[in-house]
Amino acid sequence: MLDIKRLRKEPEQVVEALGRRGVQVPMDEFTRLDRRRRELLVEVEEKKALRNRASGEIAAAKRSGGDAAEQIEAMKQVGEEIKQLEDVLRDVERQLDDIVMELPNPPLPDVPTGDDESANVTLRSHGEPTVFDFQPKAHWDLGAELGIIDQERGTKVAESRFTLLKGLGARLERALINFFLDLHTREHGYTELFPPILVNSESMRGTGQLTKFAQAEMYKLRDDDLYLNPTAEVPVTNLYRDEVLEEAQLPMHVTAYLPSFRREAGAAGRDTRGLIRQHQFNKVELVKFVMPETSADELESLTANAEEVLKRLELPFRTVTLCTGDLGFASAKTYDLEVWLPSYDGYKEISSCSNFLDFQARRLGIRYRPADGGKPRFLHTLNGSGLAVGRTFAAIIENFQNEDGSVSVPEVLRPFMGVDRID
RNA sequence: GGAGGGGUGGCGGAGUCCGGCUGAACGCACCGGUCUUGAAAACCGGCAGAGGCCCUGCGGUCUCUCGUGGGUUCGAAUCCCACCCCCUCCGCCA
């Protein structure tokens with residue numbers, strides 16, 4: 001949620017920044033409603049002050065055995081007026097809220113302007129696209145031949161976009177999760193969490209998953225106010241909702257493995273084969289709660305932590321800065337990590353690392369008390385995948401495939417796999 | 001699922017039956033000060049959050065907040081209704 005005070009104090013900057021995202025701020029309407037709100041507030045509060053004063057006097061009169069009937073009668077009238085004004089005020093505040101809640105996070109100045117992904121800027125790349133001296137296969141074909149991916153049976157027990165992993169496939173999935181978590185906890189200093197996989201609507205709303213557009217993506221339980229987790233960002237970021245942390249607790253770096261579920265409502269016909277776009281997928285998430293002054297640096301290190309996974313797996317990838325048009329609603333700046341996928345003859349997103357500044361924290365009410373004892377301030381939140389497991393699985397199968405249809409196991413995974421090839 | 005108890009400030013804990021100078025006693029923690037060679041103890045003082053208005057540096061003032069949302073009333077932490085959550089016992093169960 002955008003800081004309404006910022007919209008008042010520096011409207012030009014906000015309008016300019018959001019303009020880069022192609023968002024029109026209804027500034028005139030905002031100003032009108034905002035002014036109206038404050039007028040009403042002053043009026044209501046004056047009447048309330050009057051009533052409070054009178055109540056005190058009534059109490060005093062009664063205690064000394066006096067008669068306060070006249071004043072009580074007058075206050076009845078004032079009470080009515082307050083009630084009416086409050087109705088109007090509530091309505092104005094709702095309209096204001098509708099405007100502010102629909103505004104996305106203004107992008108940071110160093111985010112490139114653009115309409116869509118074609119304007120994203122490649123920041124750096126690691127490794128070269130894998131070259132084969134034979135015709136490489138897509139992971140869905142290779143996986144089926146190896147008997148480690150069974151799409152048909154996944155569909156049989158659930159529906160399409162669900163997959164069964166078997167044998168060394170199931171083990172590879174588990175190995176990746178363990179490798180990711182071990183790296184982030186033992187070497188990158190993150191604390192491991194395992195949160196609930198069902199989350200309530202308040203949590204979903206807090207991280208912005210229940211907007212008009214996002215809602216259709218979520219699996220909702222019929223009999224309870226619960227949803228299947230769409231990304232560990234939701235349960236993890238909500239951990240400290242409505243709390244005031246101590247500065248000494250910051251920065252807080254946490255990681256969580258969690259199955260994630262998405263309906264992929266708008267993706268009919270896209271990535272229909274293989275593990276790239278599934279209704280259920282595993283992901284290891286990185287989340288940070290940090291001091292405002294440090295969030296820019298924290299985004300760099302978060303991204304580096306995610307990149308390290310790909311480096312150790314010896315997978316070619318590149319890091320791109322998303323342009324304004326490709327940014328998520330709550331993000332002020334995002335780096336995507338894209339892994340080389342031979343079957344796509346291109347790079348495919350495997351991690352998305354974002355700095356939300358205080359946008360999420362404001363909506364969620366997550367603050368910290370400065371060490372000097374000052375007023376609580378909103379902290380900054382960041383998150384990134386570290387990494388998406390299914391897409392990593394696909395990338396390994398495809399990039400490490402051999403001519404005989406076997407797949408070599410990346411060096412770092414061998415301790416987890418117990419074998420050096422899948423065949 | 002059944003029965004009972006309970007949700008108050010950073011924490012503990014009064015107040016709720018009998019509505020009114022109670023945004024909330026008291027204690028702990030924390031911050032500042034006095035004392036001390038230093039520290040502790042003791043003593044003095046401060047110490048919830050959000051929003052509005054005035055001044056716009058300090059500050060002043062008002063409103064709201066005692067799980068959440070309604071209601072009664074001139075006035076609600078205190079009364080009424082609904083919901084949420086927690087605890088104990090029983091039942092069930094991985």
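Everything in this summary refers to the structure shown in the same document. What you are looking at is a predicted structure, and each value in this text was computed from that prediction instead of being measured. (Residues numbered from 1 in each chain as written. Chains lettered and ligands numbered in written order. Predicted model: local features only at pLDDT ≥ 70, side-chain atom pairs only at ≥ 80, totals over all residues. Heavy atoms only, no water.)

Turning our eyes to something else, we now look at the sheet that holds strand β1 (residues 121-126). Spatial strand order, β1-β10-β11-β12-β15-β9-β8-β4: eight strands in an open sheet with mixed pairing. Two strands close off the open sheet at either side, each with one partner strand: β1 and β4 (191-193). Neighbour to neighbour, the strand axes of the sheet diverge by 25° on average, direction disregarded. The pairing of strand β10 (residues 317-321) with strand β11 (residues 333-341) spans five bridges and is classified as antiparallel. Across the sheet, the residue bridging to V320 is D336, located in β11. Lying over the sheet, helix α7 (residues 168-187) contacts β4, β8 (252-261), β9 (280-290) and β15 (380-388), oriented at roughly 10° with respect to β9. Here helix α12 (residues 389-399) sits on the sheet and contacts β9, β11, β12 (346-355) and β15; the angle it forms with β15, its principal contact strand, is near 35°. (Pairing = 2+ DSSP bridges. Helix = DSSP H or I, 4+ residues; strand = E, 2+ residues; numbered from the N terminus. Axes fitted to C-alpha atoms, helices over the stretch in contact; angles between N-to-C directions. Contact = heavy atoms within 4.5 Å.)

Turning to the protein's contact with RNA strand B, a few remarks are in order. Taken together, 24 residues are adjacent to RNA strand B, and R8, R38, N52, K76 and R367 come closest. Protein-adjacent atoms of RNA strand B, using a 4 Å cutoff, are sugar or phosphate at a proportion of 74%. A distance of 2.4 Å separates a phosphate oxygen of RNA strand B from a polar side-chain atom of R8. In this structure, N52 approaches RNA strand B through a side-chain N or O atom, which is 2.8 Å from a phosphate oxygen. Counting only elements with at least two residues in the surface near RNA strand B, the list comes to α1 (4-9), α3 (27-63), α4 (69-101) and β13 (366-369). It is α3 that provides the largest number of residues to the surface near RNA strand B, a total of 14 residues. When the residues that make up the surface near RNA strand B are grouped by side-chain class, the tally is eight nonpolar, two polar and 14 charged. (Near = heavy atom within 4 Å. Polar contact = N/O pair within 3.5 Å; in protein donor to acceptor, adjacent residues only side chain to side chain. Nonpolar A, V, L, I, M, F, W, Y, C, P; charged D, E, K, R; others polar.)

With that settled, the discussion passes to the side chain of H279. Tracing the sequence through the fold places H279 in the loop between β8 and β9. Note on H279: relative accessible area 5%, which makes it buried. Separated by 3.4 Å, the side chains of H279 and E159 make a polar contact. Separated by 3.4 Å, the side chain of H279 and the backbone oxygen of R263 make a polar contact. Residues within four places of H279 in sequence aside, it is in contact with E159, S160, R161, F162, Y219, S260, F261, R262, R263 and E264. (Buried < 20%, exposed > 50% of the residue type's maximum accessible area, 1.4 Å probe, protein only.)

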